[in-house]
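Spelled out from the first residue to the last, the chains are:
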Amino acid sequence: MYLKPSYEIRDKYLRKDMLPTIFCPGCGIGAVLQYTLRAIDDLGLNQDEIVWVSGIGCSSRVPGYVNFDGLHTTHGRALAFATGIKMANPDLKVIAFMGDGDAAAIGGNHLIHAIRRNLDVTVILVNNFTYGMTGGQVAPTTPKGLRGTTAPYGSFENPFDIAELAVAAGANYVARWSVFNYLQGINSIKKALQKRGFTLVEFLSPCPISFGRRNKLKTAPELIKWYQKITVPISKAKDMPPEELEGKVVIGEFVDRDRPSLVEEYEAYKRRAKKIMGWEE
Amino acid sequence: MRYPFPVGDADFIQGDEAIARAAILAGCRFYAGYPITPASEIFEAMSLYMPLVDGVSIQMEDEIGSIAAVIGASWAGAKAMTATSGPGFSLMMENLGYAIMTETPLVLVNVQRSGPSTGQPTLAAQGDLMQAIWGTHGDHSLIVLTPATVQEAFDMTIRAFNLAEKYRTPVILLTDAEVGHMRERVYAPHPDELELVYRKLPANEEEAKYPFGDIHGDLVPPMPIFGKGYRTYVTGLTHDERGRPKTVDAEIHERLVKRIVGKIENNKKDIIDYETYGLEDADIAIVSFGIVARSAMRAVKELRKEGINAGLLKLNVLWPFDFELIEKIAENVERIYVAEMNLGQLYHMVKEGANGKAKVELISRIGGEVHTPGEIVERIKRDLR
C-alpha cells in the first residue's frame, strides 16, 4: 500500500466549507476517519455509490465532513436507517460511522438485529469508552472501575465487548484495533468494505477531554500508551488463561467468513415467492 | 406490470388490506413494520405482495427501527410506508420529527386502538388525534388524513402518497380498528386510471446543491436522493439551504422551520378535504371524522326526519385544519356538536374555530364502541328540550 500524503486525502474527500471539525485536541476520530478514507481511496471505490450513515455523538458528525451522500440520523438508529437505504437500493454501499454509546447502548437492539440479518453494511466503530459529546458520562463500554461523570466513584457495571458481541450475533467480518494500529486498521477497513453482509471494524480511540482526564490519562499520548498496555493480539490471547486476560482488550481479526447477506437472502426470497405463487418457473 | 390482487375491479376486503393494496398501486415499494394489533394485517398483506412486485417488506426489531428504515428507503428513492397502532405510534414520534425536519416523503398509518398504554388492543378509538398532529417535539407541521370507510381507506392511501411526494413531508393516515378490520366493497382502479405524483428531483447539479432551499419559490425543495452523485448531506440538526448544520443561528432556524410549516399551511386549500350534508339550512351542526362520521350522518338524517335542522361536517383531513370553515359554520348555526371517540380532542380545535360564534358541545365515547346514531340523536334532542 502506498500512503498518500494526508492533504491529498483531505482535498479529495472532505467538504472544505465544513471545516474545522468539532473534535477536541487529542481526539481519535480524525485518525479513524483518515483510515476509512484511505481504505476507500486505495480500493478505488466510487464516491457516488457510497452513503455514510450515523446516529448522534461526536463520531456521528463525520458524515457531515465527508463529500459523500450522508444521513445524520437520530441517536442509536443509524443501522435501522441503513437497512432502509440498502434494501431500497442494493447498489449503494453503506458505511455506518458510529460511537460506542450510540451503537451499544441506545442502538444496541438495532446493532444485534442488523448483524443477525447480516445486513450489507460496514460499521466503523469509534470506541472511546465514554459519551464524549455530552461531557464524559459512563458508557456500556467503560471498563469497570474507571470514572465518568455519572459514575464519579468508578463504574460499577460490566462493559460490553462489542467485537465479541458482533461475532456471536453472526457478522461476516469483525476486527478491532486501537488508533495506534493504523496499517492493520486500514487493511481491516479495506477487507470489510469488500465483503457482503455485516462487517465491523472497531477502534479504541482516545478522548482525553471527556474520558482521559477523569482517569489519569490526560493526553492522547498517555491514552495511546495505555492502549498499548491493555491490548493483547488475538493470536497471543488464545493461549492466555482468563485471569491474565482480566482487564485486557483483545485486538486483531475476530472473524472473516461469508455467510449469505441480507440482500442475497432477500433476492432469493423474492424468487421463492414468485415460484410459490406460480409467477415464475 | 402484474399485480397480485384484482385491479380495475371491485373486491370485498378489510380496511387494512385495502391500505396495503392501495399503497402498492401508489408505487410504494418499501415497507418496514413491527407486528401490532390492529395494524398487523397491513404488514401481512405487504409481506405477501411486496416480493411479487419486486418491492421490499421487512420486519424490524421495533417501531423505532421501522420508521427509521422507511426514512432511509425514501432517501434511497423509494416510496415507503409503515403502519402501527398506539404503542408503536408513540415509539415512532422521535423519527417522525426527523422525517419532518429532513423533509422526507413517507406514509405512516396509525390504525388507532384504545389507550393510554396497551389499553384495548382490539378495539377502536380516536384518542391519537392530538398526538398525530403534535406528538413529536418542536415546532412543525404535517398532513393527517382520516378515512371513514374501506373505500376511503383505499383512496386516501393513494392520496397520502401523492401529498407526501408533492410536499416532501410525512403524511399520517389516521384510521382505527373499526375501519381497519371492517370488510366492505372496494373498487381498486387500474393503475392507468390513477394520477400518481412523484417527488421533484433536482433538474441539474446547481439545484442539487440546495436540498433544503426554497429554490422554486413554492417552499418545496427538490429532493436529491442518494446514489445519483449529488453528495447530499441530510441532518436532523438545524441546517441551512445546503443542508449544513447551523445550530446556533436563530435566523437560519426560523427560516427553516417556518418554511417547513409554511409549505403545509400555505397549501391548505389544496390539502384540506371534507364533506357536508344538510349544512345549508342547519341550526345544529355535527362535526365528526372517521368511523364516527358514519353514525353522525345517520343521526343527522334521523334528526331531520323529526323536523330538527341538523347538518354534518365530515372531516377527511385533520391537519392542516380549516379553522375558517368552522367559523363560517358557527356563524350560521346555534350549536355545534363534536362527536368523537375520545374525551375531547377535535372538540378543542372546533371550539377555537367557532371563535365564540356558536356553542360547541362534545359527544364523547370511549371504551372501544362507536357511538350509535341513536345516542347522538338522543343527546341532541335532550339538549333541545
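Source: prediction; values computed, not measured. (Residues numbered from 1 in each chain as written. Chains lettered and ligands numbered in written order. Predicted model: local features only at pLDDT ≥ 70, side-chain atom pairs only at ≥ 80, totals over all residues.)

(A) Structural view of the packing of helix 11 (residues 290–305) of chain B against helix 14 (residues 373–384) of chain B. All names here are of chain B. At their nearest, the axes of helix 11 and helix 14 sit 8 Å apart, and the two run at 50° to each other. Between helix 11 and helix 14, the angle is such that the two are oblique. Here helix 11 and helix 14 pass one another in a crossing that is right-handed. Along the contact surface, helix 11 presents S295, A296, R298, A299, E302 and L303, while helix 14 presents P373, I376, V377 and I380. When grouped by side-chain class, the residues that make up the contact of helix 11 with helix 14 number seven nonpolar, one polar and two charged. (Axes fitted to C-alpha atoms, helices over the stretch in contact; angles between N-to-C directions. Helix = DSSP H or I, 4+ residues; strand = E, 2+ residues; numbered from the N terminus. Parallel < 35°, antiparallel > 145°, perpendicular 65-115°, else oblique. Left-handed = near helix turned anticlockwise from the far one by under 90°. Contact = placed C-beta atoms within 7 Å. Nonpolar A, V, L, I, M, F, W, Y, C, P; charged D, E, K, R; others polar.)

(B) Inspection of the sheet that holds strand 13 (residues 310–315) of chain B at higher detail. Residue and element names in this part refer to chain B. Read across the sheet, five strands follow the order 11-13-12-15-16 without closing on themselves; strand pairing throughout is mixed. In this open sheet, the two strands that pair with only one neighbour each are strand 11 (274–277) and strand 16 (359–364). The average undirected angle you get between the axes of adjacent strands in this sheet is 20°. Looking at chain direction, strand 12 (residues 284–289) and strand 13 are connected through six bridges and run parallel. Across the sheet, the residue bridging to V287 is L313, located in strand 13. (Pairing = 2+ DSSP bridges.)

(C) Main features of the confidence of the model for chain B. All names here are of chain B. In this model, chain B carries a mean pLDDT of 98, and residues with pLDDT of at least 70 account for 100%. Predicted confidence in chain B is weakest over helix 8 (residues 205–208), with a mean pLDDT of 96, and strongest over strand 7 (residues 143–145), with 99. Across the whole predicted complex the pTM is 0.98, and at the interface the ipTM reaches 0.98. (pLDDT = per-residue confidence, 0-100.)

(D) Quick peek at unusual backbone geometry. All names here are of chain B. In this structure, P116 follows G115 across a cis peptide bond, with omega equal to 5°. Tracing the backbone through its elements, the reader meets P116 in the loop between strand 5 (106–114) and strand 6 (120–124). That bond from W319 to P320 is cis: its omega, 5°, falls within 30 degrees of zero. Tracing the chain through its elements places P320 in the loop between strand 14 (317–319) and helix 12 (323–332). Even without being glycine, S117 reaches a positive phi, approximately 55°. Here S117 shows up in the loop between strand 5 and strand 6. Using a count of 8 C-beta atoms within 10 Å as the deciding quantity, one classes S117 as exposed. Positive phi outside glycine occurs at R168, with the angle close to 50°. C-beta crowding within 10 Å serves as the criterion here: with 23 such atoms nearby, R168 is assigned to the buried category. (Buried ≥ 20, exposed ≤ 12 C-beta atoms within 10 Å, placed from the backbone.)

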